[in-house]
Every structure is written in structure tokens, then in C-alpha cells.
Amino acid sequence: DVQLQASGGGLVQAGGSLRLSCAASGFTFDDYAIGWFRQAPGKERELISCFGHSVEDTYYADSAKARFTVSSDNAKNTVYLQMNSLKPEDTAVYYCNAVIGYRTYWGQGTLVTVSS
């Protein structure tokens, strides 16, 4: 079965860094784009990155483009979101997803809290 699991969140001071992981299983990993989303309380979920398994095919939202980097380890079926220069407004639950056919699969999310 298809599974995605986001992990690596935690508490970090403003200006610090975190690396989130999205571990995937149950599908041909590099055939599908992996999305990173975040959702803060009271706000809609927003797309921050879509990883197409190459630098050229990776999208970043403007808020993330200069600070966040997506990479992958295909041997581990894992996509990483390296987050640098974190700001308090980055505080949110971060999710990864994949759309396979007509279904969207989500990890359960990992909480990132950035203190000022």
C-alpha cells in the first residue's frame, strides 16, 4: 500500500535550520512528483514545493525559494526538505504528498515551531 511519512520537525530558533524527511513506500517513487505543504492554525494548507526528482523540475513558492531546498535519496525512497533561515511565520505543520492516479496520498505531518 502507498504510504508517506513526514518527520523531522521540532522547535528551532529564528534563523536556524531543520531538515524534514518524507519517506515513501508502495509505489514507484521517481515516477511521481512529491509535494511539500504546510498549514498553520486557522489558515489553508499551502504548497511550498513540488519535487520532480531533478533540480530543473522542482518548484518552490516565493516564500521558500531562497531558503528551502528539496533533495532525495532514491535508495531510501525519501525526499528531504532542507529549511534554512527559518522565520516565526514558517511555524506550521508540514506535510508531504503524492498524487497517484485519482488519489492524493498524504503523510500525517510534522510540526515545525520557530521561536523569535
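Not measured: the values here are computed from a predicted model.

### Description of the state of the cysteines
Right, on to step 1. Inspection of every chain in the model, using the stated rule, returns one disulfide.
Right, on to step 2. One disulfide bridge connects Cys22 with Cys96, the sulfur atoms lying 2.1 Å from each other. Between Cys22 and Cys96, the S-S dihedral sits near 80°, and the bridge is therefore right-handed. Of the two residues, Cys22 sits in strand β3 (residues 18–25) while Cys96 sits in strand β9 (residues 92–100), which places them 74 residues apart along the sequence. Taken individually, Cys22 and Cys96 each receive the classification buried, so the pair is uniform in this respect.
Right, on to step 3. There is no disulfide at Cys50, and the cysteine sulfur nearest it, in Cys22, is 12 Å away.
Right, on to step 4. In this structure Cys50 comes out as partly exposed when scored by relative accessible area, which is 27%.

### A closer look at the pattern of salt bridges
A side chain of one charge can pair with a side chain of the opposite charge when the charged atoms of the two come close.
Right, on to step 1. The full count for this structure, using the stated rule, is four salt bridges.
Right, on to step 2. Here Asp90 makes a salt bridge to Arg67, at a shortest N to O gap of 2.7 Å. With Asp90 in the loop between β8 (78–83) and β9 and Arg67 in the loop between α1 (62–65) and β7 (68–73), this pair connects stretches of sequence that are 23 residues apart. Comparing Asp90 with Arg67, the two get one shared label, buried.
Right, on to step 3. Three or more residues joined by partner-sharing salt bridges are found here, namely Arg38, Glu46, Arg67 and Asp90.

Parameters at a glance
Residues numbered from 1 in each chain as written. Predicted model: local features only at pLDDT ≥ 70, side-chain atom pairs only at ≥ 80, totals over all residues. Heavy atoms only, no water. Disulfide = S-S within 2.5 Å. Helix = DSSP H or I, 4+ residues; strand = E, 2+ residues; numbered from the N terminus. Buried < 20%, exposed > 50% of the residue type's maximum accessible area, 1.4 Å probe, protein only. Salt bridge = Lys/Arg side-chain N within 4 Å of Asp/Glu carboxyl O.

These figures come from the coordinates and say nothing about function on their own.
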